[in-house]
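# Understanding the architecture of this molecule
Each chain, letter by letter, is given below.
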Amino acid sequence: EAGVAQSPRYKIIEKRQSVAFWCNPISGHATLYWYQQILGQGPKLLIQFQNNGVVDDSQLPKDRFSAERLKGVDSTLKIQPAKLEDSAVYLCASSLDRGGWGTGELFFGEGSRLTVL
Amino acid sequence: DQQVKQNSPSLSVQEGRISILNCDYTNSMFDYFLWYKKYPAEGPTFLISISSIKDKNEDGRFTVFLNKSAKHLSLHIVPSQPGDSAVYFCAARHGGSQGNLIFGKGTKLSVKP
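Parameters and conventions
- Residues numbered from 1 in each chain as written.
- Chains lettered and ligands numbered in written order.
- Predicted model: local features only at pLDDT ≥ 70, side-chain atom pairs only at ≥ 80, totals over all residues.
- Heavy atoms only, no water.
- Phe/Tyr/Trp six-rings, centres within 6.5 Å; stacked < 30°, edge-to-face > 60°.
- Helix = DSSP H or I, 4+ residues; strand = E, 2+ residues; numbered from the N terminus.
- Buried < 20%, exposed > 50% of the residue type's maximum accessible area, 1.4 Å probe, protein only.
- Pairing = 2+ DSSP bridges.
- Axes fitted to C-alpha atoms, helices over the stretch in contact; angles between N-to-C directions.

### Some thoughts on the packing of aromatic side chains
- Scanning all chains against the criterion turns up 13 aromatic pairs over all chains.
- Here the aromatic rings of Y35 of chain A and F103 of chain B are separated by 5.7 Å at their centres, their planes lie at 90°, and the arrangement is edge-to-face. Taken together, the positions of Y35 of chain A in strand β4 (residues 31-37) and F103 of chain B in strand β10 (residues 101-103) put the pair across two chains.
- A relative accessible area of 0% means that Y35 of chain A is categorised as buried.
- On the basis of an interplanar angle of 85° and a centroid distance of 6.1 Å, the ring pair of F30 of chain B and F33 of chain B is categorised as edge-to-face.

Here you go:
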């Protein structure tokens, strides 16, 4: 079974530029998550989708971050304009559970490392 | 406000010995606790979980213990192997949430041959 796919793996941009990350979850997983992991910290949820609807985006900096999952499968996370503090690894995860059920296991992709100069 | 705390940034143990990784939490509404393992340049991978209604769960060399009264859980690895060297994250799920996990900062385990 293919895992969660993310691209690009690495991206270097200057502040005020824009960047987009793509995620394709495990087939059949209805729930998709974007997490931000800053160096030395644990992953922090940015946004959660259930199919193509947003379940939780309370920690998404909406003035600069946006995300969509138009067909309920793959998703894109965009940052515009980027700030120095956005340097982090952006992790996409998916789960089979219908949000909040089962054992809570999330399956993560390898992440997209962003460096903002 | 850190709801899941891993107070030890790093831990070093000898191969064959027991590794004990600790995690504390503050929210009594958490219903599941999970441990994830992360190698450099890879995403976190699920290791083991425990429901809040249990106090122990075992899977091979890995055992997780939950002490609800102390709001504390621990991961025991016996025997430790060099391949276990990684960052271990403790995570918790709020019972009323939609599945979102709250992570600790992680503990870097080094197992020396």
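So, next bit.
### Some words on the sheet that holds strand β7 (residues 65-68) of chain A
Residues and elements named next belong to chain A.
- Taken in spatial order, the four strands of this open sheet run β1-β3-β8-β7, and their pairing is antiparallel. Each of the sheet's edge strands pairs with one partner strand only, and the pair in question is β1 (5-7) and β7. In this sheet, adjacent strand axes meet at a mean angle of 15° when their direction is disregarded.
- Inspection of the sheet shows β7 paired to strand β8 (residues 75-79) by four bridges, in the antiparallel sense.

### As for the pairing of strand β5 (residues 44-50) of chain A
Residues and elements named next belong to chain A.
- Counting buried positions along β5 gives six out of seven residues, so the element sits mostly inside the fold.
- Taken together, the six bridges between β4 and β5 define a ladder with antiparallel strand orientation. What sits directly across from W34, in β5, is I47.
- In this antiparallel pair of consecutive strands, β4 and β5, the connection spans six residues, and G40 shows a positive phi of 85°.

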